[in-house]
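Structural overview
Letter by letter, the chains look like this.
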Amino acid sequence: MLLVDSLVVMGLATVSLGTIHEADGPVQHDFWLRNSGTEAVVLSQGYTSCGCTTIHFEKGARVAAGDSACVSLRFNPRGKGGEFEEVGTLLWNDGTLRLALTGTCITSEETLLRQFPVRINDSLRLSADHFDLGRMLPGETKERTVVVLHRGEPPSEGPEDSGYRREVLSVSFTPDDSTPKGLQRIVRQLVTSQQGREVRLNIALDVIVL
């Protein structure tokens, strides 16, 4: 139990949902609170750490001494993937109470295709293969991140049934005094491996050199 002034969470204030699947839709957990004090408390407001999570309770509810009340957190995993921690905060009288849901979300096929729109082959997709770096001065450096999705491979960490592995690669560009002025397209090569074989990825960088 978690004691917060006179409010007691009957159970855990942070609950692990384990491994969930985006395709299964929203999940909800009910937290039961008991007023262990000698005076009534009023549940006034609540908010969450992300729009994917909502907090539900009877606003303005008066919980008498010794009585209980239910507060629910509802998490919508649509568009989510990987580990998550979603927090709901309950305001009562002059106090606050933090409740949380944790776990790992297995992303649906639709979300994977949206998050990794660049297809290299059936087993390899990229989050992007082109970046606009805007205006740059000689000596200035800009870096961008490319996430590679390896499908059909066991993950390096996370649930075994996810069926994919994510790899983060970085690409950067620094113009110097010899770089032509004006709009330039710079192609950088990133290297990854697929089934033990090297794969080269071409990443285009558009930049206006001042």
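The present account deals with the structure reproduced in this document. (Residues numbered from 1 in each chain as written. Predicted model: local features only at pLDDT ≥ 70, side-chain atom pairs only at ≥ 80, totals over all residues. Heavy atoms only, no water.)

With respect to the sheet that holds strand E9 (residues 82-92)
Judged by pairing direction, the sheet is mixed, and its 5 strands sit side by side in the order E3-E10-E9-E5-E7 without closing on themselves. Looking at the sheet topology across the chains shown, the edges are occupied by strand E3 (14-21) and strand E7 (61-63). The mean inter-strand angle of the sheet, taken between neighbouring strand axes irrespective of direction, is 30°. (Pairing = 2+ DSSP bridges. Helix = DSSP H or I, 4+ residues; strand = E, 2+ residues; numbered from the N terminus. Axes fitted to C-alpha atoms, helices over the stretch in contact; angles between N-to-C directions.)

As for a nonpolar patch on the surface
A cluster of nonpolar residues, Leu 137, Leu 183, Ile 208 and Leu 210, forms a patch on the protein surface that exposes about 370 Å² of accessible area. Mapped onto the elements, Leu 137 comes out in the loop between strand E13 (130-136) and strand E14 (142-151). For Leu 137, a relative accessible area of 48% translates into the label partly exposed. (Patch = residues over 30% accessible without salt bridge, like charges linked within 9 Å, V, L, I, M, F, W, Y side chains within 5 Å. Areas by Shrake-Rupley, 256 points an atom, 1.4 Å probe, with all protein chains shown as cover. Salt bridge = Lys/Arg side-chain N within 4 Å of Asp/Glu carboxyl O. Buried < 20%, exposed > 50% of the residue type's maximum accessible area, 1.4 Å probe, protein only.)

Section: the environment of Glu 22
Positionally, Glu 22 belongs in the loop between E3 and strand E4 (27-35). Glu 22 gets classed as buried once you look at its relative accessible area, which sits at 8%. C-alpha of Glu 22 to C-alpha of Glu 58: the two residues are 36 residues apart in sequence and 28 Å apart in space. Setting aside anything within four residues of it in sequence, one finds Glu 22 in contact with Pro 77, Arg 78, Gly 79, Lys 80, Cys 105, Ile 106, Thr 107, Ser 108 and Thr 111. (Contact = heavy atoms within 4.5 Å.)

Considering the nonpolar core
Residues Leu 33, Leu 43, Val 71, Leu 90, Leu 97 and Leu 99 are the most contacted members of the largest nonpolar core, which totals 24 residues. Of all the secondary-structure elements, those providing two or more residues to this core are strand E2 (7-9), E3, E4, strand E5 (41-48), strand E8 (68-75), E9 and strand E10 (95-106). Residues within four places of Leu 33 in sequence aside, it is in contact with Leu 7, Val 8, Val 9, Met 10, Asp 67, Ser 68, Ala 69, Val 71, Leu 90 and Leu 97. By size, the runner-up hydrophobic cluster in this structure holds 20 residues, among which are Ala 128, Val 146, Val 171 and Ile 186. (Core = buried A, V, L, I, M, F, W, Y, C linked by side-chain atoms within 4.5 Å.)

Structural notes on the pattern of salt bridges
Going through the model one piece at a time under the given rule, you end up with 7 salt bridges. Sharing partners across several salt bridges, the network here consists of Arg 78, Glu 110 and Arg 114.

Some words on the sheet that holds strand E15 (residues 164-173)
The antiparallel open sheet is built from 4 strands, whose spatial order is E11-E12-E14-E15. Strands at the two margins of the open sheet, each flanked by one partner only, are strand E11 (118-121) and E15. Along the sheet, successive strands turn relative to each other by an average axial angle of 25°, direction set aside. The pairing of E14 with E15 spans 10 bridges and is antiparallel. When the bridges of E15 are listed, His 150 appears paired with Arg 165.

Some remarks on the environment of Thr 111
By the secondary structure assignment, Thr 111 is in helix H1 (residues 109-115). Taking C-alpha positions, Thr 111 is 8.7 Å from Gly 81, a pair spaced 30 residues apart along the chain. Other than its neighbours up to four places away in sequence, Thr 111 contacts Glu 22 and Gly 79. At 2.6 Å, the side chain of Thr 111 and the side chain of Glu 22 are in polar contact. (Polar contact = N/O pair within 3.5 Å; in protein donor to acceptor, adjacent residues only side chain to side chain.)

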